Amino acid sequence: MRVLVVAAPLLGHVFPLVPLALALREAGHDVVVATGGEALRVHDSGLHVEDVVPGNVRFGPIALRIVLTHPLVAKRELEGSGRLDFVSRMFGAVGDAMTKPLRALAARWQPDVVVHEPLAAAGSVLGVPSVVHDVSLFDGLELTRAVGARMKAEVRSPATVLRTAPPSLGEFPGGEAMRFVAYSGGGDVPRWLVEPSGRPRILLSRSTAPGPGAGKMTAAVVRAAGRVDAEFVLVRPERTDGLPDNVRAVGWVPIPRVLPFCDGIVHHGGAGTLLGALAAGVPQLVEPGPGDRTTHADAITRRGAGLGAAPRDVTPELLTRLIEDPKLQRAAGEVRAEMAAMPSPADVAARWESLVRG
């Protein structure tokens, strides 16, 4: 079959789709990834990639228009209580911009089926069967409907949805279970980062997408780090001057390769990082915030596999608890086992045609 994989033009949206795309190609299907912007870096995976996002599509101006026209919606979003009002408007606008290039690509390549992440609802307007690929702890069908309702083109119901959330963190009706496999591209990893350090190691990662207050968590952790008996590793920090002796910095690294050598991770609450840490069984400290971040922080706290905390709440005691609390370690291990028992992308690819055609 010819499978078109569609993602919004952000790395965090396209990377979670790569393991299935590679598995489908390995199973003998023709696969093309359609995205744009920074997400075009997914070409490094060896997949064929097409740019379907006009160059004038930029998230900053789109977000600013929403802020100016719907200030209460923007306020709720920044507070982490916006649900889907803001995100549906933003990605509905991106979907409208992607629709014409996607239709042109579909007319030229004639896919048999489209796989798309929920916020790339434009993948469901091409007149062929579609499959929604969950990439967070939200219901992908609900997300797709919310974005589609904001778009000019008609978004059709999918043939099925692939559920990647571990059941103990999010169970939704219908669909097919599929194990989340972490992917964050290639890159060199310093040898010291894939070896035991002799003391607990805490990784600190920040979002690949720009946003308000992006550096506050890093600053808070650095302030507290000197009073914690652990090694801290900052991934892509904005600055590296004045770091305590137990804090090191690295550039871009494939985090899934690094996580097995970490005892904890602090991050912004993005779905890829959150699910990747769960798959590795690593306790996590999640910063609540806009989009899905507050939902993720709350869910991980309820499950007991991590903690949620704003930068102002970060203390040496909290960071010590992250790596020493046996309850966090046990719950994180339980979720890892739960995810490992789910069907792999290769398992799903092996029965792809029957899954799509019902």
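**Here's the deal with the overall build of the protein chain**
When helices and strands are tallied, the protein chain shows 14 helices and 13 strands. Here the C-alpha atoms of the protein chain give a radius of gyration of 20 Å, agreeing with the 21 Å that 2.2 N^0.38 yields for 358 residues. Residues classed as buried in the protein chain amount to 54% of the 358 residues present. Partitioning the contacts of the protein chain with sequence separation of at least 6, the portion at a separation of at least 24 is 66%. With an accessible surface of roughly 15400 Å², the protein chain has 50% of that area assigned to carbon and sulfur atoms. Within the protein chain, the 37 negative side-chain charges are centred at a point lying 4 Å from the centre of the 39 positive side-chain charges.

**Points about empty space enclosed by the protein**
Inspection of the entire model under this criterion finds one cavity of 30 Å³ or more. In this structure, the largest cavity encloses a volume near 50 Å³. In terms of lining residues, the largest cavity is bounded by Pro-16, Pro-19, Leu-20, His-133, Thr-164, Met-178, Arg-179, Phe-180, Val-181 and Pro-345. Tallied by class, the residues present in the lining of the largest cavity amount to seven nonpolar, two polar and one charged.

**Observations concerning helix α6 (residues 140-150)**
Among all positions of α6, only Gly-140, Leu-141, Leu-143, Thr-144, Ala-146, Val-147 and Gly-148 are buried. The elements touched by buried residues of α6 are α5 (85-109), β4 (113-116), β5 (130-133) and β6 (160-163).

**Some words on a nonpolar patch on the surface**
Together, Leu-64, Val-67 and Leu-68 make up a nonpolar patch on the protein surface, roughly 290 Å² of accessible area in all. With respect to the helices, strands and loops of the structure, Leu-64 is situated in helix α3 (residues 59-69). On the basis of relative accessibility, which here comes to 48%, the residue Leu-64 falls in the partly exposed class.

**Here we look at the pattern of salt bridges**
This model, assessed by the stated rule, comprises twelve salt bridges. When the shortest N-O distance is used, the salt bridge between Arg-108 and Glu-50 registers 3.4 Å. With Arg-108 in helix α5 and Glu-50 in strand β3 (residues 48-51), the pair connects residues that are 58 residues apart, well separated along the chain. A residue is classified by how much of its surface remains accessible, and Arg-108, at 55% relative accessible area, is exposed. Here Glu-50 falls in the partly exposed class, since its relative accessible area comes to 23%. In this structure, Arg-191 engages Glu-195 in a salt bridge whose closest nitrogen and oxygen atoms are separated by 2.9 Å. A residue is classified by how much of its surface remains accessible, and Arg-191, at 66% relative accessible area, is exposed. Linked by salt bridges that have partners in common, Asp-134, Asp-139 and Arg-163 make up one network.

**Some details on the packing of aromatic side chains**
Within the structure shown, the criterion is met by three aromatic pairs. When the ring of Phe-15 is compared with that of Trp-252, the centres are 6.5 Å apart and the planes differ by 70°; the resulting orientation is edge-to-face. One end of the pair, Phe-15, is in the loop between α1 (11-14) and α2 (18-26); the other, Trp-252, is in the loop between β10 (247-250) and α8 (255-258), with 237 residues separating them in the sequence. Given the relative accessible area of 26%, Trp-252 is considered partly exposed. Taken together, the ring pairs connect Phe-15, Tyr-183 and Trp-252 into an aromatic cluster. Directly above the ring of Trp-252 sits Arg-41, whose terminal nitrogen or CZ lies 4.4 Å from the centroid. Looking at Arg-248, its charged tip hangs above the ring of Trp-192, at a distance of 3.7 Å from the centre.

What counts as what
Residues numbered from 1 in each chain as written. Predicted model: local features only at pLDDT ≥ 70, side-chain atom pairs only at ≥ 80, totals over all residues. Heavy atoms only, no water. Helix = DSSP H or I, 4+ residues; strand = E, 2+ residues; numbered from the N terminus. Rg over C-alpha atoms; globule rule 2.2 N^0.38 Å. Buried < 20%, exposed > 50% of the residue type's maximum accessible area, 1.4 Å probe, protein only. Contact = heavy atoms within 4.5 Å. Areas by Shrake-Rupley, 256 points an atom, 1.4 Å probe, with all protein chains shown as cover. Lys, Arg positive; Asp, Glu negative; His and termini not counted. Charge placed at Lys NZ, Arg CZ, Asp CG, Glu CD. 1 Å grid on protein atoms, 1.4 Å probe; cavity = no way out; pocket = protein on both sides within 12 Å on 5 of 7 lines; lining within 4 Å. Points joined across faces, edges and corners; volume = space filled by probe spheres on them. Nonpolar A, V, L, I, M, F, W, Y, C, P; charged D, E, K, R; others polar. Patch = residues over 30% accessible without salt bridge, like charges linked within 9 Å, V, L, I, M, F, W, Y side chains within 5 Å. Salt bridge = Lys/Arg side-chain N within 4 Å of Asp/Glu carboxyl O. Phe/Tyr/Trp six-rings, centres within 6.5 Å; stacked < 30°, edge-to-face > 60°. Lys NZ or Arg CZ within 6 Å of the ring centre and 35° of its normal.

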